[in-house]
Amino acid sequence: MDGKAAPKAAGEGTPTATRTRLDRGRGALGPALELVHTGRAPTRAVLTAELGVTRATAGAVAAELEALGLIRVDAHPGAAAGSQGRPSHRLEVAEEGPVALATQVHADGWRAALVGLGGRIVATTPACEIVDADPAKVLGSVVDAGAELLRETGRRCVGTGLAVPSAVAEPAGLALNPLHLAWPAGAPVRQIFAERVRAAGIEGPAFAANDVNLAALAEHRHGAGRGSRDLLCVATGHRGVGGALVLDGRLHMGSSGLALEVGHLTVNPEGRPCHCGSRGCLDVEADPRAFLTAVGRDPGPEGSLLQQANELIRTRYGDPVVRTAAEAIIDRLGLGLAGLVNILNPDRIILGGMHGSLLDADPDRLRAVVADRSLWGRQSGVPPILACTLDHNSLVGAAELAWQPVLDDPLGALV
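Residues numbered from 1 in each chain as written. Predicted model: local features only at pLDDT ≥ 70, side-chain atom pairs only at ≥ 80, totals over all residues. Heavy atoms only, no water.

Novice: Tell me about the pattern of salt bridges, and please be specific about residues and values.
Specialist: For the coordinates displayed, the defined rule picks out 17 salt bridges. In this structure, R272 engages E285 in a salt bridge whose closest nitrogen and oxygen atoms are separated by 3.2 Å. Of this pair, R272 sits in the loop between β12 (250-251) and α8 (282-285) while E285 is found in helix α8, placing the two residues 13 residues apart along the sequence. Take E285: its relative accessible area is 1%, and that puts it in the buried class. R332 is paired through a salt bridge with E285; the nearest N and O atoms lie 3.3 Å apart. Placement of the pair is R332 in helix α11 (residues 320-344) and E285 in helix α8, with a sequence separation of 47 residues. Salt bridges linked by common partners bring R323, E327, D331, D362 and R365 together as one network. (Salt bridge = Lys/Arg side-chain N within 4 Å of Asp/Glu carboxyl O. Helix = DSSP H or I, 4+ residues; strand = E, 2+ residues; numbered from the N terminus. Buried < 20%, exposed > 50% of the residue type's maximum accessible area, 1.4 Å probe, protein only.)

And the structure:
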């Protein structure tokens, strides 16, 4: 609630006074936009409190963000039942505002989408199930599909982001281990992607990063990780297992972008050979291919391995063969999570892909394994374990990369 308006001082409502307030609050434009973007400032009153500025300055900041086409200010919201005084202006992201072009490549295909502020997917291409061994061909196709979406919608594009199932080394943007794509190790995916983006005439900077890192970023801002400070994300996508860590609200990349390769934790020393040269890694012991093999399904090329595994878990968990295979995966996953809890001490764990489906199917078993194997588990030190909640969270995370320059400096990025 804003409460009753105070009497205006001489000149307070003039354009000069408004401009003075905006100049004073220009440094707050980015923080204000991020608060609205992540849903933490649904009203101008909350925005005022979060920024620590006067109501007038918050109003000027909100008005400038609205003028940039980024948010919408509802000056006449309905009052809640039983409330007193004038309700505060409501703040929302602009539904018809600019978008980021988000793209994702994985072992079973690729997709492009347009994503607005708030993590809202505006439009998406159908999933393509063909991934060429030449990264330039694949990235050219996905960018062309994204460019067509932009033409169809007529939206302004602030930048582009790419999610890939590989560690991406910084600062060069090299995909060091695209094991499930048949791409050459060390492929310069960021450079190739940026070149294709420029060739398609798409404006704004181009970024590329690991898909699970981006899923964690998206979930932390808009999904199951909201409100967490130190968030651990572990996910199995179409093949393999990845991990990511958000520390004190920021994605932890390590010294060169290679942190949290949790797929190569050994959870079964006598287990399957892994692509990395070791044996019994999470990557090959707890992914959809391992699960489908354990239930006697030929994980052939028909359809997505992830979709096949999730469908079995959702519809046939009561089948003894399916349940036995799922429990074995849960136990291996729990062993890996326990080790990560001992090392990282997160305040929340989120699980994506097939791991999220396993958690939904048998939450007590997974939590019991983590508690039994972790150092603090018997003292109730296991953090909450939740399934990811966003559809296409890696795509949303890729868009977050493209939105970040706007969140940092809205005027510099858009004007």
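Novice: For helix α13 (residues 363-373), give the residues involved together with the corresponding values.
Specialist: Taken residue by residue, α13 has L366, V369 and V370 as its buried positions. Take α13 and look down its axis: the buried residues cluster within an arc of 95°, on one side only. Among the structural elements, α11, β13 (348-353), α12 (354-361) and β14 (385-387) are those in contact with the buried residues of α13. (Arc of directions from axis to C-beta. Contact = heavy atoms within 4.5 Å.)

Novice: Residue-level account of the environment of W403, with values.
Specialist: Positionally, W403 belongs in helix α14 (residues 393-408). The class of W403 is buried, set by a relative accessible area of 0%. Between the C-alpha atom of W403 and that of C157, which follows or precedes it by 246 residues, the distance is 9.8 Å. Ignoring anything within four residues of it in the chain, the contact list for W403 reads L70, P98, V99, A100, V115, G116, L117 and V158.

Novice: Provide a residue-level description of the sheet that holds strand β6 (residues 157-164), including the pertinent values.
Specialist: Where strands meet in a sheet, backbone hydrogen bonds hold them as pairs that are either parallel or antiparallel. With mixed pairing, the five strands of this open sheet are ordered in space as β5-β4-β3-β6-β9. Two strands bound the open sheet, and with one partner strand each, they are β5 (121-124) and β9 (206-210). Within the sheet, the average angular offset between the axes of one strand and its neighbour, ignoring direction, is 25°. Of the pairings in the sheet, the one linking β6 to β9 comprises five bridges and is parallel in character. Bridge pairing links T160 to A206 in β9. Where helix α5 (residues 135-153) meets the sheet, it contacts β3 (99-106), β4 (109-115), β5 and β6, and its direction lies at approximately 30° from that of β4. Lying on the sheet, helix α6 (residues 189-199) is in contact with β3, β6 and β9; it crosses β9 at an angle near 145°. (Pairing = 2+ DSSP bridges. Axes fitted to C-alpha atoms, helices over the stretch in contact; angles between N-to-C directions.)

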